[in-house]
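# Survey of secondary and tertiary structure
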Amino acid sequence: QGQLVESGGGSVQAGGSLRLSCAFTARTWFCMAWFRQAPGKEREWVASIDRADKTTYSESVKGRFTISKEDNKDTLYLQMDSLKPEDTASYYCADGWVCTTSTGIGRWGQGTQVTVSS
């Protein structure tokens, strides 16, 4: 099994930046991803990265967020710039077989809160 542990969440003003990290305690699957979930909303895919470092992003974060990984440290990152209040959510890292939809995810982290004030 292993675990995924997120860190780096916090509160920032609109236009600010945060960098989220996710530490993997076991071998990852075919791809890794970040999802987010706001109160009263379903969990939403944000970004993903595959074994070849190919990245994909949701339209809502494209150009503002950057997903990356350090394979030798088993760590996944999400650099979040130009943050908006609508980015406020709990952010979850994940890995699985297909990473652009929750149905392909095998493991989830426990989440880290990001709050963006206007």
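A brief look at the structure comes next. Keep in mind it's a predicted model, so treat the numbers as computed, not measured.

## Observations concerning the nonpolar core
In this structure, Trp34, Leu76, Leu78 and Tyr91 are the most contacted members of the largest nonpolar core, which totals 24 residues. When residues of this core are traced back to their parent elements, those giving at least two are strand E3 (18–24), strand E4 (31–37), strand E5 (44–50), strand E7 (65–70), strand E8 (75–80), strand E9 (89–96) and strand E11 (112–117). Tallying contributions element by element places E3 first for this core, with four residues. Among the nonpolar cores identified, the runner-up in size contains seven residues, and Cys31, Phe35, Cys99 and Ile105 belong to it.

## Considering the packing of aromatic side chains
Evaluated as defined, the whole model comprises two aromatic pairs. Their ring planes at 70° and their centres at 4.6 Å tell us that Phe30 and Trp97 sit as a pair that is edge-to-face. Of this pair, Phe30 sits in the loop between E3 and E4 while Trp97 sits in the loop between E9 and strand E10 (105–108), and the two are 67 residues apart along the sequence. The exposure classification of Phe30 matches that of Trp97, with both residues exposed. Seen in terms of ring centroids, Phe35 and Trp108 are 4.9 Å apart; in terms of plane orientation they differ by 70°. Their pairing is edge-to-face. Linking Phe35 in strand E4 with Trp108 in strand E10, this pair joins segments that are 73 residues apart in sequence. When its relative accessible area of 31% is taken as the criterion, Trp108 is described as partly exposed. Above the plane of the ring of Tyr77 lies Arg19, whose end atom (NZ or CZ) is 3.9 Å from the centre. Across from the ring centre of Tyr92, 3.7 Å away, lies the NZ or CZ of Arg43, which sits over that ring.

## With respect to the side chain of Arg64
Relative to the helices and strands, Arg64 is located in the loop between strand E6 (55–57) and E7. The exposure class assigned to Arg64 is buried, which follows from its relative accessible area of 11%. Here the side chain of Arg64 touches Ser60 through a polar contact of 2.8 Å, landing on its backbone oxygen. In this structure, Arg64 is in contact with Gln79, Met80, Asp81, Ser82, Leu83, Lys84 and Asp87, ignoring residues within four places of it in sequence.

## Re the sheet that holds E7
Strand order in the open sheet formed by four strands is E1-E3-E8-E7, with antiparallel pairing between adjacent strands. Only two strands of the sheet have a single partner each, and these edge strands are strand E1 (4–7) and E7. Each strand axis lies, on average, 15° off the axis of its neighbour in the sheet, ignoring direction.

## Comments concerning unusual backbone geometry
Here the phi dihedral of Asp53 falls at roughly 70°; this positive angle occurs in a residue that is not glycine. The topology assignment puts Asp53 in the loop between E5 and E6. Classification of Asp53 as partly exposed rests on a relative accessible area of 47%. Backbone geometry at Ser82 places phi at a positive 50°, although glycine is not the residue there.

Rules and cut-offs
- Residues numbered from 1 in each chain as written.
- Predicted model: local features only at pLDDT ≥ 70, side-chain atom pairs only at ≥ 80, totals over all residues.
- Heavy atoms only, no water.
- Core = buried A, V, L, I, M, F, W, Y, C linked by side-chain atoms within 4.5 Å.
- Buried < 20%, exposed > 50% of the residue type's maximum accessible area, 1.4 Å probe, protein only.
- Helix = DSSP H or I, 4+ residues; strand = E, 2+ residues; numbered from the N terminus.
- Phe/Tyr/Trp six-rings, centres within 6.5 Å; stacked < 30°, edge-to-face > 60°.
- Lys NZ or Arg CZ within 6 Å of the ring centre and 35° of its normal.
- Polar contact = N/O pair within 3.5 Å; in protein donor to acceptor, adjacent residues only side chain to side chain.
- Contact = heavy atoms within 4.5 Å.
- Pairing = 2+ DSSP bridges.
- Axes fitted to C-alpha atoms, helices over the stretch in contact; angles between N-to-C directions.

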